[in-house]
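# Overview (structure and organization)
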4 protein chains.
Amino acid sequence: MIKYAIILGNLGNTCDRFLSAGYKDQPSKETMIRQASGISGVKAVELVGTWDVTKDNVDEIGGLLSKFGLTCASIIPDHFSQKRWGKGAFTSKDASIRAQALDETYAAAEMARVLKCPLINLWPGQDGYDYAFQADYRKERRWIVEAVSEAAKANPDIKFSLEYKVKEPRTHSFMARAADTLLIAKETGLANVGVTIDTGHALAGYENLAESAVILSDYGRKLFHMHFNDNYRSWDDDMIVGSVHFVEYVELLFWLKEIGYDSWYSMDQYPYREDGQEALRASVEFLQGVDAMLDARSMAELRAIIAKGDPIESTRWIRGKLFRK
Amino acid sequence: MIKYAIILGNLGNTCDRFLSAGYKDQPSKETMIRQASGISGVKAVELVGTWDVTKDNVDEIGGLLSKFGLTCASIIPDHFSQKRWGKGAFTSKDASIRAQALDETYAAAEMARVLKCPLINLWPGQDGYDYAFQADYRKERRWIVEAVSEAAKANPDIKFSLEYKVKEPRTHSFMARAADTLLIAKETGLANVGVTIDTGHALAGYENLAESAVILSDYGRKLFHMHFNDNYRSWDDDMIVGSVHFVEYVELLFWLKEIGYDSWYSMDQYPYREDGQEALRASVEFLQGVDAMLDARSMAELRAIIAKGDPIESTRWIRGKLFRK
Amino acid sequence: MIKYAIILGNLGNTCDRFLSAGYKDQPSKETMIRQASGISGVKAVELVGTWDVTKDNVDEIGGLLSKFGLTCASIIPDHFSQKRWGKGAFTSKDASIRAQALDETYAAAEMARVLKCPLINLWPGQDGYDYAFQADYRKERRWIVEAVSEAAKANPDIKFSLEYKVKEPRTHSFMARAADTLLIAKETGLANVGVTIDTGHALAGYENLAESAVILSDYGRKLFHMHFNDNYRSWDDDMIVGSVHFVEYVELLFWLKEIGYDSWYSMDQYPYREDGQEALRASVEFLQGVDAMLDARSMAELRAIIAKGDPIESTRWIRGKLFRK
Amino acid sequence: MIKYAIILGNLGNTCDRFLSAGYKDQPSKETMIRQASGISGVKAVELVGTWDVTKDNVDEIGGLLSKFGLTCASIIPDHFSQKRWGKGAFTSKDASIRAQALDETYAAAEMARVLKCPLINLWPGQDGYDYAFQADYRKERRWIVEAVSEAAKANPDIKFSLEYKVKEPRTHSFMARAADTLLIAKETGLANVGVTIDTGHALAGYENLAESAVILSDYGRKLFHMHFNDNYRSWDDDMIVGSVHFVEYVELLFWLKEIGYDSWYSMDQYPYREDGQEALRASVEFLQGVDAMLDARSMAELRAIIAKGDPIESTRWIRGKLFRK
């Protein structure tokens, strides 16, 4: 039984560098939480630090989640939305900023405990570089390992999941792809450090979604969390799931079942110009459709198809689903 | 009623730069033509100069086509598969090669008449450049216009359709995208010069397939021909149609109906490791499935969806097709 | 003698979708204009509607430009930074928004006259689409032609230059590439409508910068304006010119001289994390360096190299410049 | 002192899928080896199995290398150029093919001993997949680890270096990027298994060359070998080094010095339409120019620039080199 979640802020206003005030109006926290609970199948939300949750409002947010029957699937500490993080959080060349990035992580862990949230999703989006001769690849990568290790060691009751992304807001991220992020997770030597796949980040990095999930699972069961959205493979367009691709999601969900992934399927979109709740519902409904397609018989058929590896058979199977009478 | 065709050579051996002898064995012409006729819905083939047809075997090929109830949808003159074309055909810096490229085009027109084939598909793949400071963009582009104009003026009974491709075998083609190729077609001032969309070439150039079809149609009904295949949007992978994308093809076929495109839907693939006939059949069956989906009711629904332009509605429509009970 | 300009806002604050309040502080208009005048070689600025100039402050801005010895190279009407443009300006499905987009263009023309500015640079960034079945490619493209025609016809003393960009903020722009935008310019039939190349937009669309300049020039001298920046070829990173590429800019400046381009070389960057003035100065200095390299002797050498088209020679020439003693 | 090598076959004929007979004529082995020795700075060649060296001609090749004063830097076993490898070598679903892939590796090790060659460069180009539901990501990845482990354990006197490539000839390779290939190397637990960076493969995968080198070095000194060529960042164009990029190579060579890389700098190009020897010489001369630029003073300057990380400074440094008087 798939557990669906959404990132709460996806229901709020969205902006970009040209329209910085945003494409929509910002609803109240209660409105957003109510809307989340109104999406059939959604049982939890993810909360972004600063944007959604701070130590000042954490109790209030917890109350609202309870009121609407939701739990907190993860907290994403704010390492990207304030001026101080502009040149990096864990990898800022300024030691005091690096210390603040760690503080922010600890604070997120505290909030997680308040909300009985099991996982911190770390997306230090500013930790990367833009230009040649800007980063000390050796030293700065090590800083990430040290910071993650320290936070995870100090909070063994919480999982820390590293979300990779090939680029944006920097032209290059340190945690860019599944395997390089897995290397960091493994280097910590800690069982509570793993990796998050965001389907859009993986597609933009020319990864095969299913393969990345299998690699993370096989090297020590390190696939901790999943973010879902869609795009045109060259940028993190954060679109409705299934609006561009179909086969990839079927293959991904097939393999998530095969490897026994049992954590959240969480929506992470930027519905700039769409109704937020409807856009998230559309994604959940798409995944529910794919999930229903993957019944025991389909799973067995697909296993047999993979064993032979002939695209004549796999594409026939897909057409059978697309065009069934 | 959609008319399907295939490029005959898709049924033959395929090679690449690493496995130059090819992944398969080369069947006889008769075998390939018989196989083409065995794909339900296929009524014609396209023939590539040198590879499939020459003035020496054109009568024999014509006889085989008749025998198996096929016609010739187009001839693609060989402007790419011989050493002499290596540095360009219409844009070779060697005037004698340019003359030969034109001769080859005339020869194709002759063969077209023998085969009652209405269209020459020009894909001068070597006409481009690899390095900076290699091409004289002004002069060489003009050479293409001049050659195409001359050939088309001399053969007014034949359509000449220019097939664009963003790159390969050169790192940059002169006829790279829909609009720049349309400019060349229009510059000839000839009604019998138009443009071919190869879906894979367009996807690799980050074009929206449907939009390119509409542009070519709107600027003087210049969409003359269509090649179908699929890929991962960054290279001309020449895969089975529908193996990667679905929504794009639905939108493309919708618009091909809207603009009244009535020429061939021709498969152009490189089934390196698959059974050729099965791979082509798979593509035709996929397009037949999409075509059947686009009945009058669907067309009306999609027109209404486009008029509003809300992705909530379009993605709901798509899910309705994907997951219908 | 190359005339350099900058887009004034490049000296101001910059934000993105994650750090919407911006990476820097916003200086006063006077500070920005003074800084612009402090970049050696820069003689003009481009002004963005709403951000930099409105009918309320146009006289004040004009005064400041005079005070600091600058002219106005172009005005870029605001068709992208307000909620009302979120779903398109010239191609909004709402006729009243389309009317407002035209009003904004007329207002820019008025301001241009006040500032003795010869050119309106139209970048209707929101005019595109994100999803399949969202745009009516036929109708909406026509709306652009009609709006541009009307504005340009009504303001024959002003040049209107259409700036293309393959994507962002929409996943697909209507004016996406050099040739499709040229088609629009030509369709107006007006001598005062042309095209702007932004080097970053062209690189992100896999265009060869020099080739695009030549095409626009050759089809009726339609290259009206140039924006300069650099990127990694897959997104509009808006970086310092020459920070990633070198050869491309040498080839571009060579051809700009060959075709007799005599309008502005204007910097268009997003120095999110850098000192704005220094980042712009760096770009101008890079172009000045390339320009100095292209003396009469170099031009003659490069003409000879292009005539032969051998990359052995062109790369030797480049190494000679890179590694001269 | 940098040691330069070339892949011998770069001096021979080259073909692609459209011009399968090749763009040039095939010279004799002696001619190619003589030409290699005629490139100033080149002290070794890499030999490709089947194409360049087999057990039948290995003594003859060894004699020719001696005669022309060259050594053998690496052998690249043929896991890609014969029909039997078409659907994979180490990951073929056919166990007998997998056994043959291992045999081929052992045979290469034997030849390496004959030639006193210290390294086997494994590029199993056919080990990947094209379509969804074609590969068993779990099982097939494990087959690679097992085969490499067995070969490397049995030949402890030889280094085995895994060359990654994001795609081609398959649409997806199993060893696709630096980090996922490093994971395989580490999983063998063997000191004589490392990774090869091909600059073109890394660029096509949106890797930063220098960062990949540092990562491989830092996780256990696993950077064993380097292949050099250039491209436009979206495909393995195999062009002359420095024909497209400059800054990237400066940064790469800076870091190769910093991490103490002391193995070969080997050219790996496909000069389809250029004189092979001249194209390889051009690349070596480019790297020699960059190397000379990176004297002790430059190294110190660049270290200071990286420590601050300000692109204003790094781009000024680059301009200083580009435009020095």
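Residues numbered from 1 in each chain as written. Chains lettered and ligands numbered in written order. Predicted model: local features only at pLDDT ≥ 70, side-chain atom pairs only at ≥ 80, totals over all residues. Heavy atoms only, no water.

### A short note on the overall build of chain A
A count of helices and strands for chain A gives 11 helices and 10 strands. Computed over C-alpha atoms, the radius of gyration of chain A comes to 19 Å, within 12% of the 20 Å expected from 2.2 N^0.38 for 325 residues, which places it in the range of a compact globule. Overall, chain A is about 60 × 45 × 40 Å in size when its C-alpha atoms are taken along their principal axes. Here chain A holds 325 residues, and the buried ones make up 71% of them. In chain A, 76% of the contacts between residues at least 6 apart in sequence involve partners at least 24 apart. (Helix = DSSP H or I, 4+ residues; strand = E, 2+ residues; numbered from the N terminus. Rg over C-alpha atoms; globule rule 2.2 N^0.38 Å. Buried < 20%, exposed > 50% of the residue type's maximum accessible area, 1.4 Å probe, protein only. Contact = heavy atoms within 4.5 Å.)

### Focus: the state of the cysteines
Residue and element names in this part refer to chain A. One pass over the structure, following the stated rule, counts 0 disulfides over all chains. Here cysteine 72 is not disulfide-linked; the sulfur of cysteine 117 is the nearest cysteine sulfur, at 3.7 Å. On the accessibility criterion, cysteine 72 (3% relative accessible area) is buried. (Disulfide = S-S within 2.5 Å.)

### Examining helix H2 (residues 58–67) of chain A
Residue and element names in this part refer to chain A. Three or more residues of H2 are buried, namely Val58, Ile61, Gly62, Leu64 and Leu65. The arc enclosing the buried residues of H2, seen along the axis, measures out at 165 degrees, which places them on a common side. Seen from the buried face of H2, the exposed residues on the opposite side, beyond 90 degrees, are Asp59, Ser66 and Lys67. In this structure, the buried side of H2 is in contact with helix H1 (29–37), strand S2 (42–48), strand S3 (71–76) and helix H3 (95–114). Remark: glycine 69 follows H2 within two positions and exhibits a positive phi of approximately 75 degrees. (Arc of directions from axis to C-beta.)

### Quick look at the side chain of A:Ser217
As for its placement among the helices and strands, A:Ser217 is situated in helix H7 (residues 209–218). If near-sequence neighbours (up to four positions away) are discounted, A:Ser217 is found in contact with A:Lys222, A:Leu223 and A:Ile259.

### Examining the relation of the copies chain A and chain D
Structural alignment of chain A on chain D gives an RMSD of 0.0 Å, achieved by rotating through 180 degrees and translating 0.0 Å along the axis. Both copies are brought into coincidence by an operation consistent with a two-fold rotation axis. Among all residues of chain A, the minimum C-alpha distance to the rotation axis is found for A:Ala179, at 2.7 Å. When you check the interface residues of chain A against chain D, 100% turn up at the interface there too, and the contact is symmetric in its surfaces. (Least-squares fit on C-alpha atoms with pLDDT ≥ 70 in both.)

### Quick notes on the interface of chain B and chain C
Much of the literature gives interface size as the accessible area that the parts lose upon coming together. Across the contact, 51 residues belong to chain B and 51 residues belong to chain C. Carbon and sulfur atoms supply 63% of the area buried between chain B and chain C, which totals about 4,500 Å² over both sides. For the pair chain B and chain C, the interface holds 4 salt bridges. A salt bridge links B:Arg141 to C:Glu211, with the nearest nitrogen and oxygen atoms 4.0 Å apart. Counting the contacts that link chain B with chain C gives 22 residue pairs in polar contact (both at pLDDT 80 or more). Mapped onto the side of chain B that touches chain C, the elements with two or more residues apiece are helix H4 (137–154), strand S7 (172–173), helix H5 (178–188), helix H7 (209–218), helix H8 (247–258), helix H10 (296–308) and helix H11 (311–322) of chain B. No other element matches H5(B), which puts 7 residues into the side of chain B that touches chain C. (Buried area = accessible area lost by both parts, 1.4 Å probe. Salt bridge = Lys/Arg side-chain N within 4 Å of Asp/Glu carboxyl O. Polar contact = N/O pair within 3.5 Å; in protein donor to acceptor, adjacent residues only side chain to side chain.)

### Focus: the packing of aromatic side chains
If you walk through the whole model with that rule in mind, you get 86 aromatic pairs over all chains. Judged by centre distance (5.4 Å) and plane angle (5 degrees), the rings of A:Phe228 and A:Tyr265 are stacked. Here A:Tyr265 lies in strand S10 (residues 265–267) and A:Phe228 lies in strand S9 (residues 223–228), a separation of 37 residues in the sequence. Here A:Phe228 falls in the buried class, since its relative accessible area comes to 0%. Ring pairs connect the aromatic residues A:Phe18, C:Tyr23, C:Trp51, C:Phe80, C:Trp123, C:Tyr270 and C:Tyr272, which therefore count as one cluster. Sitting above the plane of the A:Phe224 ring, A:Lys159 keeps its charged end 4.6 Å from the centroid. Geometry around C:Trp143 places C:Arg98 over its ring, the cationic atom sitting 3.6 Å from the centre. (Phe/Tyr/Trp six-rings, centres within 6.5 Å; stacked < 30°, edge-to-face > 60°. Lys NZ or Arg CZ within 6 Å of the ring centre and 35° of its normal.)

### Looking at the interface of chain A and chain D
On the chain D side, the residues contacting the 51 residues of chain A number 51 residues. For the pair chain A and chain D, the two sides together bury roughly 4,500 Å², of which 63% comes from carbon and sulfur. Inspection of the chain A/chain D interface yields 4 salt bridges. Taken together, the connections running from chain A to chain D amount to 22 residue pairs in polar contact (both at pLDDT 80 or more). Among the secondary structure elements, those contributing two or more residues to the side of chain A that touches chain D are helix H4 (137–154), strand S7 (172–173), helix H5 (178–188), H7, helix H8 (247–258), helix H10 (296–308) and helix H11 (311–322) of chain A. It is H5(A) that contributes the most residues to the side of chain A that touches chain D, 7 residues altogether. Its residues placed into classes, the side of chain A that touches chain D shows 27 nonpolar, 8 polar and 16 charged. (Nonpolar A, V, L, I, M, F, W, Y, C, P; charged D, E, K, R; others polar.)

### With respect to the packing of helix H3 (residues 95–114) of chain B against H4(B)
All names here are of chain B. Running from amino to carboxyl end, H3 crosses H4 at an angle of 30 degrees, the nearest separation of the two axes being 10 Å. By the angle class used here, H3 and H4 are roughly parallel. Between H3 and H4 the crossing geometry is right-handed. Counted together, Arg98, Leu102, Thr105 and Tyr106 of H3 and Trp143, Ala147, Glu150, Ala151 and Ala154 of H4 form the full contact between these two elements. (Axes fitted to C-alpha atoms, helices over the stretch in contact; angles between N-to-C directions. Parallel < 35°, antiparallel > 145°, perpendicular 65-115°, else oblique. Left-handed = near helix turned anticlockwise from the far one by under 90°.)

### Side note on empty space enclosed by the protein
Of the pockets and cavities examined, the largest cavity occupies roughly 740 Å³. A:Ser234, B:Ser234, C:Arg233, C:Ser234 and D:Ser234 are, among the 36 residues lining the largest cavity, the residues nearest its centre. (1 Å grid on protein atoms, 1.4 Å probe; cavity = no way out; pocket = protein on both sides within 12 Å on 5 of 7 lines; lining within 4 Å. Points joined across faces, edges and corners; volume = space filled by probe spheres on them.)

### Quick notes on the environment of A:Glu258
Structurally, A:Glu258 can be placed in helix H8. For A:Glu258 and A:Val214, which are 44 residues apart along the polypeptide, the C-alpha to C-alpha distance reads 9.0 Å. Apart from the residues lying within four places of it in its own chain, the contact partners of A:Glu258 are A:Met299, A:Arg303 and D:Arg138. Side chain to side chain, A:Glu258 and A:Arg303 meet in a polar contact 2.9 Å long.

### A short note on the pattern of salt bridges
Summed over the entire model, instances satisfying the criterion amount to 92 salt bridges over all chains. As a salt-bridge pair, C:Arg17 and A:Asp236 come within 2.9 Å of each other at their nearest N and O atoms. Remark: A:Asp236 occurs in the loop between S9 and H8 and C:Arg17 occurs in the loop between strand S1 (4–7) and helix H1 (29–37); the pair is interchain, linking two chains. The burial state of C:Arg17 is the same as that of A:Asp236; both residues are buried. Residues joined in a network through salt bridges with shared partners are A:Arg17, C:Lys165, C:Glu168, C:Asp236 and C:Asp238.

### What about the pairing of strand S2 (residues 42–48) of chain D?
Residue and element names in this part refer to chain D. Burial runs high along S2: 6 of the 7 residues are buried. With 5 bridges connecting them, S2 and strand S3 (residues 71–76) associate as parallel partners. Bridging across to S3, glutamate 46 finds its partner in serine 74. (Pairing = 2+ DSSP bridges.)

### A word on the confidence of the model for chain A
Residue-level pLDDT values for chain A average 97, and 100% of them are 70 or greater. Interface confidence in the predicted complex, given as ipTM, is 0.97; pTM for the same model is 0.98. (pLDDT = per-residue confidence, 0-100.)

### A few points about the packing of helix H4 (residues 137–154) of chain D against helix H5 (residues 178–188) of chain D
Residues and elements named next belong to chain D. Here H4 crosses H5 at 50 degrees, and the two axes come no closer than 9 Å. The angle between H4 and H5 falls in the class oblique. Here H4 and H5 pass one another in a crossing that is right-handed. Seen from H4, the contacting residues are Arg141, Ile144, Val145, Val148 and Ser149; seen from H5, they are Asp180, Ile184, Glu187 and Thr188.

### With respect to the pairing of strand S6 (residues 159–163) of chain C
Two faces belong to every sheet, and in a regular strand the side chains alternate between them. Residue and element names in this part refer to chain C. Counting buried residues along S6, 4 of its 5 residues qualify, which places the element largely inside the surrounding structure. Relative to S6, strand S4 (residues 119–122) runs parallel, the two being bridged by 4 bridges. Within S6, the position partnered with isoleucine 120 by the bridge is phenylalanine 160. In this structure, S6 lies alongside strand S8 (residues 193–198), joined through 4 bridges in parallel fashion. Residue pairing for S8: phenylalanine 160 is matched across the bridge by valine 193.

### Re the environment of B:Lys153
When you line up the elements, B:Lys153 lands in helix H4. Along the sequence, B:Lys153 and B:Asp94 sit 59 residues apart, while their C-alpha atoms lie 23 Å from each other.

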